[in-house]
There are 2 protein chains.
Amino acid sequence: MTPPPVTHRATAPQILARCRDLVRPALAEAVQRLHPWHAEMAAFSLGWSTADGRPVTGAQGKGVRQALALLSAEAAGAPAKDAVVGAVAVELIHVFSLLHDDIMDGDETRRQRATVWKVYGTGPAILAGDALFALAVRTLADAPGVHSATAVRHLAGTLTDLVRGQAEDLRFESRPWTGPESVQPHEYRWMAEHKTGALLGCAAGLGGVLAGAPATTVDALARAGRHLGVAFQAVDDLLGIWGDPQVTGKPVHSDLRRLKKTYPVLAALATDHPAARRLATLLGTGNPLDRTTARRAADLAEEAGGRSATLAEAHQQLEGARRSLDGVPLAPAALGEILALLPFFVDRTM
Amino acid sequence: MTPPPVTHRATAPQILARCRDLVRPALAEAVQRLHPWHAEMAAFSLGWSTADGRPVTGAQGKGVRQALALLSAEAAGAPAKDAVVGAVAVELIHVFSLLHDDIMDGDETRRQRATVWKVYGTGPAILAGDALFALAVRTLADAPGVHSATAVRHLAGTLTDLVRGQAEDLRFESRPWTGPESVQPHEYRWMAEHKTGALLGCAAGLGGVLAGAPATTVDALARAGRHLGVAFQAVDDLLGIWGDPQVTGKPVHSDLRRLKKTYPVLAALATDHPAARRLATLLGTGNPLDRTTARRAADLAEEAGGRSATLAEAHQQLEGARRSLDGVPLAPAALGEILALLPFFVDRTM
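About the criteria used
Residues numbered from 1 in each chain as written. Chains lettered and ligands numbered in written order. Predicted model: local features only at pLDDT ≥ 70, side-chain atom pairs only at ≥ 80, totals over all residues. Heavy atoms only, no water. Phe/Tyr/Trp six-rings, centres within 6.5 Å; stacked < 30°, edge-to-face > 60°. Helix = DSSP H or I, 4+ residues; strand = E, 2+ residues; numbered from the N terminus. Buried < 20%, exposed > 50% of the residue type's maximum accessible area, 1.4 Å probe, protein only. Contact = heavy atoms within 4.5 Å. Buried area = accessible area lost by both parts, 1.4 Å probe. Salt bridge = Lys/Arg side-chain N within 4 Å of Asp/Glu carboxyl O. Polar contact = N/O pair within 3.5 Å; in protein donor to acceptor, adjacent residues only side chain to side chain. Least-squares fit on C-alpha atoms with pLDDT ≥ 70 in both. Expected span 1.5 Å × (residues − 1). Arc of directions from axis to C-beta. Axes fitted to C-alpha atoms, helices over the stretch in contact; angles between N-to-C directions. Parallel < 35°, antiparallel > 145°, perpendicular 65-115°, else oblique. Left-handed = near helix turned anticlockwise from the far one by under 90°. Nonpolar A, V, L, I, M, F, W, Y, C, P; charged D, E, K, R; others polar.

Q: Explanation requested: the packing of aromatic side chains in the structure shown.
A: For any pair of aromatic rings, the description rests on two quantities: the centre-to-centre distance and the angle between the ring planes. Residue and element names in this part refer to chain B. A full pass over the atoms with the stated rule returns nine aromatic pairs over all chains. Summarising the aromatic geometry, the rings of Phe-44 and Tyr-120 are spaced 6.1 Å apart at their centres and angled 65° between planes, so their arrangement reads as edge-to-face. Taken as a pair, Phe-44 in helix H2 (residues 36–45) and Tyr-120 in helix H5 (residues 116–120) lie far apart in primary sequence, 76 residues in all. The class of Phe-44 is buried, set by a relative accessible area of 5%. For Tyr-120, a relative accessible area of 16% translates into the label buried.

See below:
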């Protein structure tokens, strides 16, 4: 009698690395199809090169979107390579959205480097974003195989969701912190599901589409991805306030200082804790906060329960993602890898 | 014996109006699918409403792109309505490109009104452009019928060409007026064929695609459209220098004053006329021109033959458009209307 096979369960970093290695050559090839100027900006934004074009080794994004696309295809019974074109499209859209969002939000640094518009100028960064957007659509539209048209439809729906989410996020800025017009946690959730969740949902859904999965499976995968997006955004907000700037690469308390509506603050203000009232007073002047006041605001948000409410929200979204995949006919090994990635969405430090 | 039927040949304005009437309801419906904020900016940019949302009647763009889409479908043997979805996509892309280009070029007025970024801010205008881009792709991707996937591929190719053209136009700004590094007329032609021609070519090609025309017919229509685009851009440059600002809606000599590389100036500088040398000296300081110097530059460009060379170029491009359609099996009535539109591309005053 032979012993049962030893199962080597891959860790989240191993899973992400395997997927990055599969996608990287195709993504590099796609970027090379851009105008050389735009290829340079894309490579800089992807962390592949410095602003003066020297290659960078090692530093790369986490790659959760591309991983989700590949694992979803495997879960739907196809080899990961079938979804590489979808992963490439999603990564291109991700870079497009970073380029444009950094301009809209006035962000000057990302991952401890200057943002593209700071290095290359606003006009060139807008156009490079447009070029990446166009290339993403073209990559899917020109993909061989019978699923290309469905994949493009899937991406097109995502893109309209994504801009709606970003529009709401921008509109939040002009709304008050308190009172009947204030932004409520459920509105934030809607915004995050569109702004961040749409693309993660697209990644997972595209994996299913390119694997030829039935619509119900595609929907389930996409729904799981959207939940993960809300979790991801909530944790992003947490790290923006209580994360280590040396690790996150974001300036300390930058969201707080410029009065951005983030989940921890909204959740704190939604309580009737005394600290919430003090926090509302601090924020209500409408003036950007100085360093000391921002730190005080962070403490008050924590005291009013904003930090724990955000973590609870993130965990609930993970649970939503798990539930979305419950009972869906998926290959166990790949499903296991998707589930192994989930805690990473909440436990990450950058 | 009955007399031969009297043929009522429609004039260019009549043809454009008929096509606008066919497209307008579908375009309005598409715009209503945007986030309300983006719908407002789109309606403003389309000339349908004022900045405070009041409807405007009468004032509309010329609509050459939508007309080309519809007439091309008719020429390929289908009813115009089959191409309405293509015309809508092309118009959405046109507005997207206006929104983004006006930011990149720093243009503050268009058609005698403030540009979208001046009224709504840079960030919102970037995002509204992205939303229009996404909606254009979605409109074609979701179109019923068997030609949707081909239409999306056609649009995706156009979009990558369009951003390449705009990239070259931006790069021209940092190149010198004279010497081996200077921008040559043939480079301008390439830029205009991509920046402006790609979308007119897309309109004509989409008409063919949505009519189910064979690839050779689609290619011929698209090629004709690209020629028209170069003619259109060259005449745009002419009007920017010698047009009536009251009619064009553009500030007088604005391209000259901020040293934009336009065909008339490049063509003038490419001659060895003494006026060309004086023009090069005026422009060569690299400083924006004041009103008087700009007028002097316009006179010198005319003296060196830049104005007539541009008109000749435009006429040659019209000839190229006609040649592209020669011998292509097209319905005579619709082809007649396309040909009736051609002079309009050169003779227009706005």
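Q: Is there a simple way to think about the interface of chain A and chain B in this case?
A: Reports of interface size often rely on the accessible area that becomes lost once the parts have come together. At the interface, 36 residues of chain A touch 36 residues of chain B. Both sides of the chain A and chain B interface together cover about 3100 Å² of buried area, and 75% of this is carbon and sulfur. At the boundary of chain A and chain B, one finds zero salt bridges. Applying the counting criterion to the chain A and chain B interface returns 10 residue pairs in polar contact (both at pLDDT 80 or more). Only helix H2 (36–45), helix H4 (84–105), helix H6 (122–141) and helix H7 (148–172) of chain A provide two or more residues apiece to the side of chain A that touches chain B.

Q: Honestly, unusual backbone geometry in this entry has me stumped. Any pointers?
A: Phi is mostly negative for residues that are not glycine, and the peptide bonds are mostly trans. Residues and elements named next belong to chain B. Although it is not a glycine, Arg-111 adopts a positive phi angle of roughly 50°. Judged by relative accessible area, which is 37%, Arg-111 ranks as partly exposed. The backbone of Gln-112 sits at a positive phi, close to 60°, despite the residue not being glycine. For Gln-112, the position within the fold is in the loop between strand S1 (109–110) and strand S2 (113–114).

Q: When you look at the environment of Leu98(A) in this model, what are you seeing that I'm missing?
A: Residues and elements named next belong to chain A. Note on placement: Leu-98 falls in helix H4. The exposure class assigned to Leu-98 is buried, which follows from its relative accessible area of 10%. Counting along the chain gives 65 residues from Leu-98 to Val-163, while the straight-line C-alpha distance between them is 12 Å. Dropping the residues within four chain positions of it, Leu-98 is found in contact with Ser-45 and Arg-110.

Q: Help me out: how do you make sense of the relation of the copies chain A and chain B in this one?
A: Applying a rotation about an axis and a shift along it to one chain copy brings it onto the other copy. For the pair chain A and chain B, the relating rotation is 180°, the translation along its axis is 0.0 Å, and the fit reaches an RMSD of 0.0 Å. Look at the turn and shift together and you get a two-fold axis relating the two. By C-alpha distance to the rotation axis, the residue of chain A lying nearest is Ala149(A), at 2.8 Å. Taken together, the interface assignments show that 100% of the residues at the interface of chain A recur at the interface of chain B, consistent with an identical surface on both copies.

Q: Sorry, what's going on with helix H15 (residues 306–325) of chain B here?
A: A turn of α-helix holds 3.6 residues, and therefore any two residues three or four places apart point the same way. Residues and elements named next belong to chain B. If you check H15, its first and last C-alpha atoms are 29 Å apart, about what 20 residues at 1.5 Å a residue would give, namely 28 Å. All of the buried residues in H15 are Gly-306, Thr-310, Glu-313, Ala-314, Gln-317, Leu-318, Gly-320, Ala-321, Ser-324 and Leu-325. Angularly, the buried residues of H15 cover 155° about the axis, an arc narrow enough to put them on a single face. Across H15 from its buried face, at more than 90 degrees, point the exposed residues Ser-308, Gln-316 and Arg-323. Against the buried residues of H15 lie helix H8 (185–210), helix H9 (215–242), helix H12 (263–269), helix H14 (291–303) and helix H16 (332–347).

Q: Where do I start with the packing of helix H3 (residues 64–75) of chain A against helix H9 (residues 215–242) of chain A in this structure?
A: Two quantities define a packed helix pair, namely the angle between the axes and the distance from one axis to the other. All names here are of chain A. Contact geometry of H3 with H9 gives a least axis separation of 12 Å together with a crossing angle of 160°. When the axis of H3 is compared with that of H9, the two are roughly antiparallel. Helix-helix and strand crossings are classified by hand; for H3 and H9 the assignment is right-handed. Facing Val-64, Arg-65, Leu-68 and Ser-72 of H3, the residues of H9 in contact are Leu-221, Gly-225, Leu-228 and Phe-232. Across the contact of H3 with H9, the residue classes break down as five nonpolar, two polar and one charged.

Q: Any chance you could explain the pattern of salt bridges here in plain terms?
A: Opposite charge on two side chains allows them to pair when their charged atoms are near. Residues and elements named next belong to chain A. For the structure shown, the criterion picks out 37 salt bridges over all chains. In this structure, the salt-bridge partner of Arg-348 is Asp-236, at a minimum N-O distance of 3.1 Å. Residue Arg-348 is found in the segment after helix H16 (332–347), and its partner Asp-236 is found in helix H9; the two are separated by 112 residues along the sequence. Since its relative accessible area comes to 6%, Arg-348 is described here as buried.

Q: Just to check I follow, could you spell out the side chain of Gln317(B) for this structure?
A: Tracing the backbone shows Gln317(B) in helix H15. The contacts of Gln317(B), once residues within four sequence positions are left out, are Arg189(B), His227(B), Val230(B) and Ala231(B).

Q: I would appreciate a short explanation of the packing of H6(A) against helix H4 (residues 84–105) of chain B in the present structure.
A: At a closest axis distance of 8 Å, the pairing of H6(A) and H4(B) adopts a crossing angle of 155°. It follows from the interaxial angle that H6(A) and H4(B) lie roughly antiparallel. Along this stretch, H6(A) crosses H4(B), giving a crossing that reads as left-handed. Judged by residue contacts, Gly123(A), Ile126(A), Leu127(A) and Asp130(A) of H6(A) engage Phe96(B), His100(B), Ile103(B) and Met104(B) from H4(B).

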